[in-house]
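Residue strings, one per chain:
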Amino acid sequence: MEPLCPNLDLKPAPFSPISPRFSKPNSLSVHSHRFSCSDRRVTKKWRVPIVPSWFKAASYVKADEAQVCGQELMRSVGKGLLALAAAAAANYSIFCDSPAMAESLTVAFPVSRTTEVNSVQRTLVETWGLIRETFVDPTFNHQDWDLKFQQTMVEMFPLRSADAAYMKISGMLATLGDPFTRIISPKEYQSFRIGSNGNLQGVGLFISTEPRTGHLVVLSCVEGSPAARAGIHKGDELVEINGENLDGVDTEVAVQKLRGRVGTTVTIKVQSSNDLGSDSSIQEVKLPREYIKLSPISTATIPHRTPDGRLTKTGYVKLSAFSQTAAADMENAINEMKSQGVHSYILDLRNNPGGLVKAGLDVAQIWLDGDETLVNTIDREGNLLPINMVNGHAITRDPLVVLVNEGSASASEILAGALHDNRRATLVGHRTFGKGKIQSVTELHDGSALFITVAKYLSPALHDIDQVGIAPDVQCTTEMLNSSKESTSKEKSSVSSLEADSCVLVAEHELDIQESKGTAS
């Protein structure tokens, strides 16, 4: 099929290096002076952001579990019939309130006669510009990104619905080969923000896209939620929602389908992780939607007898997600347990799928002193940027063990790496998930949001995490517990499920070792 406007051309301006000293960034000149289509369409010129290369990855937050650290929309209206300014979004740094500077360029293109499609054309321009300057792979999966923009704009012009136009943007992003770089609708973005704030109406499932297969898998269930009561487990594959097959469906789209007004129901099909590939393992479950309490902290005090016979108290803290309240809730929990005479701690990050990176960094600073490196980032140009604490002051220096497993992902891995590599904690459990991509989240002019993978992170000791994970110091297997488990059970008249947890028992043993060596920091 012949393109609508075969003469549309894109001419990049000559490239010159950008100094990190806030020099003027490069811009891209996009020309459309050769439009000669017979339908005499109108052309609009929009200004879109070009984010300079000196805007470092410390400004960014994580993937499907991120928040917008800060945004400022700078709007300007050009003069004349053909000038209309697009929104230019700038992200704040995690650690300061100064907006990043941005350069703009002018893009001219044929405007759709359909108002809804015209609005999405503007979103396309914003998306293309932000990807061009910040996506982690500067080769854009070995393709001409400017040409891809041209093709998408031409394909979008004859469409008559916003949904169809958004599909074109999603298709353009899919060519980057990164499932975490995506656009979500305004409604989906509001749901995302609600989840980050800790308020939710739904069924209590944490799901994510498995990068190798593209399938939707369960990371964890909120304790006591409809999903947990129905017997859905970590690792189960989500197959259908209300009769709709989920092949190729984005995580955020699936999440939106699961959420809904309290009192309504949703029917899902899940395939057990114990028998993947067998049709007989697919189970249909009807779940009621309820108010889901996303308080990320649960605590317990475990009585513990040390090898020398002393009876002590160990504080157990389970962190299920990194919401905006995680650090404050953690601090309150530790102060409460200190007042109860707790002198050692177990931080349980098992099956924690992640959350807001800033929350993970804030939690790390509760346990660490000084100016330690919390995490390192590597941007698209290979620049290594450490993110350090500033005058950190731990609220406790008592011995600490962190529990991790295959469900510990993203911000959980950042926190575990920070505490381990700074010699603050011993890691017990199993190798973590291995999700080490860093994303920016930008709200676009229409209320949609663009998630862009802009960098990846390394632990403070420069260990790669993405697709590798973090190996624990000690694995919690029953074979390692024999003498410890036997002596411990004799001291307890009633053994709770927590006290019978093999990883918790190993953690208690490691706390004894730390105390005997005087390694508490």
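Let me begin by describing the structure that accompanies this report. Only a predicted model underlies this, so the values are computations on that prediction, with no experimental measurement involved.

## Observations regarding the packing of helix α7 (residues 326-339) against helix α8 (residues 357-367)
At step 1: Where α7 meets α8, the axes come as close as 8 Å, and the angle between the chain directions of the two elements is 25 degrees. Comparing their axes, α8 and α7 come out roughly parallel. The two elements α7 and α8 meet at a crossing, and its hand is right-handed. Contacts from Ala 326, Ala 327, Met 330, Glu 331 and Ile 334 in α7 reach Ala 359, Asp 362, Val 363, Ile 366 and Trp 367 in α8.

## Considering the packing of helix α2 (residues 145-156) against helix α3 (residues 162-174)
At step 1: Contact geometry for α2 and α3: axes closest at 10 Å, N-to-C directions at 160 degrees. Taken together, α2 and α3 sit at an angle that is classed as roughly antiparallel. As α2 packs across α3, the resulting crossing turns out to be right-handed. Two secondary-structure elements touch here, α2 through Trp 145, Lys 148, Phe 149, Thr 152, Glu 155 and Met 156 and α3 through Ala 165, Lys 168, Ile 169, Met 172 and Leu 173.
At step 2: In terms of residue class, the contact of α2 with α3 is made up of seven nonpolar, one polar and three charged.

## Thoughts on the nonpolar core
At step 1: Of all hydrophobic cores here, the largest spans 70 residues; its most connected members are Leu 319, Met 330, Leu 347 and Trp 367.
At step 2: Three or more residues apiece are contributed to this core by two domains, here domain 1 (115-178) and domain 3 (297-439 + 452-481 + 493-519).
At step 3: Setting aside residues up to four positions removed in sequence, Leu 347 forms contacts with Val 317, Leu 319, Met 330, Trp 367, Leu 400, Val 401, Val 402, Leu 403, Leu 415 and Leu 419.
At step 4: Residues Val 203, Leu 246, Val 266 and Leu 287 belong to the second largest nonpolar core, which totals 19 residues.

## A few points about the state of the cysteines
At step 1: Following the criterion strictly, the structure yields one disulfide and no others.
At step 2: Linked covalently through their sulfurs, Cys 476 and Cys 503 form a disulfide whose S-S length is 1.9 Å. Residue Cys 476 is found in the loop between β24 (449-458) and α10 (482-490), and its partner Cys 503 is found in helix α11 (residues 502-517); the two are separated by 27 residues along the sequence.
At step 3: A residue is classified by how much of its surface remains accessible, and Cys 476, at 7% relative accessible area, is buried.
At step 4: Residue classification places Cys 503 among the buried residues on the basis of a relative accessible area of 7%.

## Here we look at the side chain of His 304
At step 1: Tracing the chain through its elements places His 304 in strand β16 (residues 297-305).
At step 2: Of the polar contacts made by the side chain of His 304, one reaches the side chain of Asp 512; its length is 2.8 Å.
At step 3: If we skip the residues at most four places from it in the chain, His 304 touches Arg 310, Leu 311, Thr 312, Thr 314, Glu 508 and Asp 512.

## Things to note about unusual backbone geometry
At step 1: At Asn 141, a position not held by glycine, the phi torsion is positive, near 60 degrees.
At step 2: Its location among the elements puts Asn 141 in the loop between α1 (115-134) and α2.
At step 3: Given a relative accessible area of 36%, Asn 141 falls into the partly exposed group.
At step 4: The backbone of His 142 sits at a positive phi, close to 60 degrees, despite the residue not being glycine.
At step 5: Looking at where His 142 falls in the secondary structure, it is placed in the loop between α1 and α2.

About the thresholds
Residues numbered from 1 in each chain as written. Predicted model: local features only at pLDDT ≥ 70, side-chain atom pairs only at ≥ 80, totals over all residues. Heavy atoms only, no water. Axes fitted to C-alpha atoms, helices over the stretch in contact; angles between N-to-C directions. Helix = DSSP H or I, 4+ residues; strand = E, 2+ residues; numbered from the N terminus. Parallel < 35°, antiparallel > 145°, perpendicular 65-115°, else oblique. Left-handed = near helix turned anticlockwise from the far one by under 90°. Contact = heavy atoms within 4.5 Å. Nonpolar A, V, L, I, M, F, W, Y, C, P; charged D, E, K, R; others polar. Core = buried A, V, L, I, M, F, W, Y, C linked by side-chain atoms within 4.5 Å. Buried < 20%, exposed > 50% of the residue type's maximum accessible area, 1.4 Å probe, protein only. Domains from an automatic or database assignment. Disulfide = S-S within 2.5 Å. Polar contact = N/O pair within 3.5 Å; in protein donor to acceptor, adjacent residues only side chain to side chain.

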